[in-house]
Amino acid sequence: MNRIVAGVLVAIVLGTAAFLGVPWYAQNRAEREVEASFAQIRQNGATASHGKVVFDLWTRKLSIADVKIESATQPPASITLGSVTATGLSQPDQEHVTAASLEVSDVAMAAQIPGPSPLRLSYKLPQLVVKDYAGPVRFAAIPAGATLVETYRALVQQFAAISAASITVPRTTGTMEGGPSAGPAEFSYSGLSVDQIKAGRIGSYKLDELAFTMSPQQPAGKTDKMQGRITDIVHHDVDANAIVAALDPDAAKDDRTYRVYGRVTTGAYEVNSDSGVRMRMDGISADEFSVRPSRLQLPALIAALPASTAVQPTPEQTRELMDKIAGIYDGMALRNAEMRGLSIETPQGPIKLAALRFDLRDGKSDIAVEGFDGRSPNGPVKLGRFALKGFDLAGLMRLGSKYSPGTKPAPADAVVLFKLLDGIELKALTAPYKAGDKPVQIDNITLDWGQYVGPIPTRARLVAKMAGPLDPSNPALLPLLVAGIDTAAFDADLGLGWTESTGRFAVSPFKLEVSNLVAASANVSLAQVPRDVFTIDLQQATTAAAQIEAEGLDFSLRDLGAVDVLVANYARGHGIPRDAARKALIDSI
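Fair warning: this is a prediction, and the values are worked out from it, not measured in the lab.

Cut-offs applied
- Residues numbered from 1 in each chain as written.
- Predicted model: local features only at pLDDT ≥ 70, side-chain atom pairs only at ≥ 80, totals over all residues.
- Heavy atoms only, no water.
- Helix = DSSP H or I, 4+ residues; strand = E, 2+ residues; numbered from the N terminus.
- Buried < 20%, exposed > 50% of the residue type's maximum accessible area, 1.4 Å probe, protein only.
- Contact = heavy atoms within 4.5 Å.
- Areas by Shrake-Rupley, 256 points an atom, 1.4 Å probe, with all protein chains shown as cover.
- Core = buried A, V, L, I, M, F, W, Y, C linked by side-chain atoms within 4.5 Å.
- Axes fitted to C-alpha atoms, helices over the stretch in contact; angles between N-to-C directions.
- Parallel < 35°, antiparallel > 145°, perpendicular 65-115°, else oblique.
- Nonpolar A, V, L, I, M, F, W, Y, C, P; charged D, E, K, R; others polar.
- Phe/Tyr/Trp six-rings, centres within 6.5 Å; stacked < 30°, edge-to-face > 60°.
- Lys NZ or Arg CZ within 6 Å of the ring centre and 35° of its normal.

K.L.:
Can you break down the overall build of the protein chain residue by residue, with the values?
P.N.:
Tallying secondary structure elements over the protein chain gives twelve helices and 27 strands in all. Split into buried and exposed, the 589 residues of the protein chain put 32% on the buried side. The contacts in the protein chain between residues at least 6 apart in sequence include a share of 56% that link residues at least 24 apart. Total accessible area on the protein chain stands at roughly 33,800 Å², and carbon and sulfur atoms take up 60% of it.

K.L.:
Give me the lowdown on the nonpolar core, citing residues and values where you can.
P.N.:
Core analysis: the largest hydrophobic core is formed by 28 residues, its most contacted members being L62, I64 and V84. Elements represented by at least two residues in this core include exactly α1 (2-42), β2 (53-56), β3 (61-70), β4 (78-87), β6 (96-113), β7 (119-136), β8 (163-178) and β9 (185-198). It is β6 that contributes the most residues to this core, four residues altogether. Sequence-distant contacts of I64, defined by excluding residues within four places in its chain, comprise V34, H50, K52, V53, G82, S83 and V84. With 16 residues, the next largest nonpolar core counts A242, A245, A246 and L421 among its residues.

K.L.:
Give a detailed account of the packing of helix α11 (residues 562-574) against helix α12 (residues 578-588), specifying residues and quantitative values.
P.N.:
Put simply, α11 and α12 touch, their axes get as near as 8 Å, and they point 110 degrees apart. One element, α11, and the other, α12, form an angle in the roughly perpendicular class. Packed against α11, whose contacting residues are V563, D564, L566, V567, A568, Y570 and A571, the element α12 presents R578, A581, R582, A584 and L585 at the interface. Tallied by class, residues from the contact of α11 with α12 come to nine nonpolar, no polar and three charged.

K.L.:
Give a description of unusual backbone geometry that names residues and reports values.
P.N.:
Keep in mind that most residues, glycine aside, have a negative phi and that most peptide bonds are trans. The amide bond that connects S508 to the next residue, P509, takes the cis arrangement and shows omega of 0 degrees. Relative to the elements of secondary structure, P509 occurs in strand β25 (residues 504-514). The backbone of D66 sits at a positive phi, close to 50 degrees, despite the residue not being glycine. Relative to the helices and strands, D66 resides in strand β3. You can call D66 partly exposed: its relative accessible area is 47%. The backbone of D362 sits at a positive phi, close to 55 degrees, despite the residue not being glycine. Position of D362 relative to the elements: it lies in the loop between β18 (349-361) and β19 (364-376). The class of D362 is partly exposed, set by a relative accessible area of 39%.

K.L.:
Give me the packing of aromatic side chains: which residues, what numbers.
P.N.:
The full count for this structure, using the stated rule, is five aromatic pairs. Arranged with centres 6.1 Å apart and planes meeting at 90 degrees, the rings of F418 and W449 form a pair that is edge-to-face. Taken as a pair, F418 in the loop between α8 (411-416) and β21 (423-432) and W449 in strand β22 (residues 439-453) lie far apart in primary sequence, 31 residues in all. The class of F418 is partly exposed, set by a relative accessible area of 41%. For W449, a relative accessible area of 11% corresponds to the buried category. Three or more aromatic residues joined by ring pairs make a cluster, and in this case those are Y123, F187 and Y189. Taking NZ or CZ as reference, K419 lies 5.4 Å from the ring centre of Y452, over its face.

Geometry only, nothing functional implied.
What follows is the structure, encoded as structure tokens:
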């Protein structure tokens, strides 16, 4: 009996010791693990410290107070955290840790971008909450002496190693000071939420509002205080792996296309300034943004950037840099981007724009302005649509890199400018000709060209319809004015094209109508037109043109009032009635 009682007492003592000892062991282990993580940060020369570490085994809750980290780079970047609290902690294996909730309070970050006029940035986040977090026990350390590209790529890879149901930041405030021309600025973010984070992908990113106040420098040292806000910013299907691919040292070999994010939308964007400018935009959207690392080549571009703005780059370095900047346009694609409902109030009068549309792919963009309503010194201006088709932004950058400021382009390069644009479109333009006069009205102008042989386009089409008042102060227009014609209207449809397989060159259609005067139409075709005729070498073109044969010509001319103008001016010049003038003209024929 005594043995049984003694055994029970021993079991109670051992159980009590275990009950008291296990939490102590867990607390001790938690402190060691936290300190090991901070020691890893200090390996690269950074300073990292923390306050009290508390671990509750029964609720699996870990709290770390007073976290302070400062980088070894100069100028240093720093981050402080009032406290970090993780609840529902577990370790499914030796390499990973999970938490039901991760809360960070009183976050403060500060950094400085070096340069002749350093730019200082600071951020404050009262609270950050992460739900259903999972990630590595320790992140791979960023090697000492890592370049900017290597550091950024490592950080994005660390982000790709975690997953979470959501990240929310109720409010963020920040400041910006310095920079070459920017004055002090304050900004705030409200209602940030990031959902469905896994393997470097984000299901959605939402921001309720971004607000800012800034005082940019104006000419003569003046400042103009500006305030603005943009609401309801939403990104869908964000993929950080695309950034990792773009920053890969072997990016030049990767010709795949990576989607960075899917559809993006925003609500209203408003800006007000003390100078009286008021701007509002109803919304911005885009369907997709993607990158192609082999053309983008960001590592090579960043390596080519001058280390200091104090040293003037050589012409060769400038050309190399411009060529790499052109690669940015080659390596990016933006689909169906548009800005809607722009209105600007200025001291000179209001300006409105219904939409600005932009597409970019393979270095070429389509740009369209729609629904413009504004004023010129002579009166109101309205525009239905103006568009540039296939504008080669990358090609323009490369062409510009060949010339120093003040130098004129060679004739061959002047012709190459044709290849930088596929066409233009202008619709529904109404603009004043002179103060108080009738406006010029352009219903439509569409001009397209292409199918190049070298720099020469071998296909073109012009469709135009416009009207405008005749200037009574122009003596050359007096015959028309005498005949009662005070407005000129033109309607044209002109096309030409060359077919290499048949060697045929045709001008078709050719239709031209001048209202109240004349209408003409024609079809012209040439045979045996060789490829060599399309060149800027005049001698070569002349030699090749000897092979050309005329194939056909049709021409028609129809009077719409030109005879009446001739009669009216004959009558006026001879002081006789119009019927007599008409008879005299017929008799002279």
